[in-house]
Every structure is written in C-alpha cells, then in structure tokens.
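Okay, here's what each chain looks like letter by letter:
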Amino acid sequence: MNRVNKQILFCNCKGERINSDKMKEIHEYLSKLPFRVTVLSDLCGLAGMKNEQLKELFVEPGETLLIGCYPRTMNLLLDQVIVSGEKGRAVSFLNLIESTPEEVIKAVSRFCDN
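Residues numbered from 1 in each chain as written. Predicted model: local features only at pLDDT ≥ 70, side-chain atom pairs only at ≥ 80, totals over all residues. Heavy atoms only, no water.

A. Region of interest: the overall build of the protein chain. If you tally the helices and strands in the protein chain, you get five helices and four strands. Across the protein chain, helices and strands are ordered from the amino to the carboxyl terminus as β-α-β-α-α-β-α-β-α. Taking 13 Å as the expected radius of gyration for a compact globule of 114 residues, we find that the protein chain reaches 13 Å, a close match to that expectation. Across its three principal directions, the C-alpha atoms of the protein chain cover 35 × 35 × 20 Å. Burial analysis of the protein chain (114 residues in total) assigns 39% to the buried set. Put simply, of all contacts in the protein chain between residues at least 6 apart along the chain, 80% involve residues at least 24 apart. Of the roughly 6600 Å² of accessible surface on the protein chain, a fraction of 50% belongs to carbon and sulfur atoms. Averaged over its 15 positive side-chain charges, the protein chain has a centre that lies 2 Å from the centre of its 15 negative ones. (Helix = DSSP H or I, 4+ residues; strand = E, 2+ residues; numbered from the N terminus. Rg over C-alpha atoms; globule rule 2.2 N^0.38 Å. Buried < 20%, exposed > 50% of the residue type's maximum accessible area, 1.4 Å probe, protein only. Contact = heavy atoms within 4.5 Å. Areas by Shrake-Rupley, 256 points an atom, 1.4 Å probe, with all protein chains shown as cover. Lys, Arg positive; Asp, Glu negative; His and termini not counted. Charge placed at Lys NZ, Arg CZ, Asp CG, Glu CD.)

B. Representation of the packing of helix 1 (residues 20–30) against helix 5 (residues 101–113) in the model. Here helix 1 crosses helix 5 at 25°, and the two axes come no closer than 10 Å. By the angle between their axes, helix 1 is roughly parallel relative to helix 5. The two elements helix 1 and helix 5 meet at a crossing, and its hand is right-handed. On helix 5, the residues touching Lys-22, Glu-25, Ile-26, Tyr-29 and Leu-30 of helix 1 are Pro-101, Glu-102, Val-104, Ile-105, Val-108 and Ser-109. Tallied by class, the residues present in the contact of helix 1 with helix 5 amount to seven nonpolar, one polar and three charged. (Axes fitted to C-alpha atoms, helices over the stretch in contact; angles between N-to-C directions. Parallel < 35°, antiparallel > 145°, perpendicular 65-115°, else oblique. Left-handed = near helix turned anticlockwise from the far one by under 90°. Nonpolar A, V, L, I, M, F, W, Y, C, P; charged D, E, K, R; others polar.)

C. Looking closely at the environment of Met-74. Relative to the helices and strands, Met-74 resides in helix 4 (residues 71–81). For Met-74, a relative accessible area of 1% gives the class buried. With 33 residues separating them in the primary sequence, Met-74 and Ser-41 have C-alpha atoms 14 Å apart.

D. Representation of the state of the cysteines within the structure. Scanning the entire structure with this criterion turns up zero disulfides. Cys-44 takes part in no disulfide bond, and the closest cysteine sulfur to it belongs to Cys-69, at a distance of 5.8 Å. (Disulfide = S-S within 2.5 Å.)

E. Highlighting the packing of aromatic side chains. Counted by the stated rule, this structure contains zero aromatic pairs. Cation over ring: Lys-6 sits above Phe-111, and NZ or CZ is 4.8 Å from the ring centre. (Phe/Tyr/Trp six-rings, centres within 6.5 Å; stacked < 30°, edge-to-face > 60°. Lys NZ or Arg CZ within 6 Å of the ring centre and 35° of its normal.)

Following this line, the structure appears as structure tokens:
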C-alpha cells in the first residue's frame, strides 16, 4: 500500500480521559509527517451528528490509522456513521488512553513505513 492510500485520523478529544500534554506532543509529531493527517475535533460529536464529512474519509480504498480513545469505542462510533460493508478502507486503532507518547509514535512510524 503506498503513501497515497494511507491516512491518519487523530481525534483531538477535549475529554478529560487523555492528558492534554500527551495530546499536544502527539499532535506536534503528526503535524510533521508527510502523510494525510486529519485532526478531528471530536469523533464522538461528529459520529453522533452522523457527519457526512466523516463518512467521506472512509470511502476510498486504503488504510486508515485512527488515533483516539478505546478501539471498541471508536469502532462503535464509526458504525453509527458508516453502514457495514460501505467502509472502503481498512481501519486500525491506536489507544491514547493506555499508550505512552513513545508507544504512539512507534506505532505511527510502523504504519507509515508499511
């Protein structure tokens, strides 16, 4: 899979479960990548409103790395927006609650290198 077919979605959640310093460090790292990185202000809110722009991020074939809270939660949110079978992208999740910034950066680097 080439770089064009990969994207990173970063939920810049304002909830209190994820340390704001961790969020800032990861956001700064992502802003320097030569990949398509989309910062979502609030995945929960966008999914709850069934936002069409969110849905459009999953139409083209390719790979998506979704960085946010718990993978199960993010997957359930996506299911609210994207009808099963409509998802044209393979989606993997990265848990900011349970991962250190170093672990997140390593995982993002692996995603980008593959």
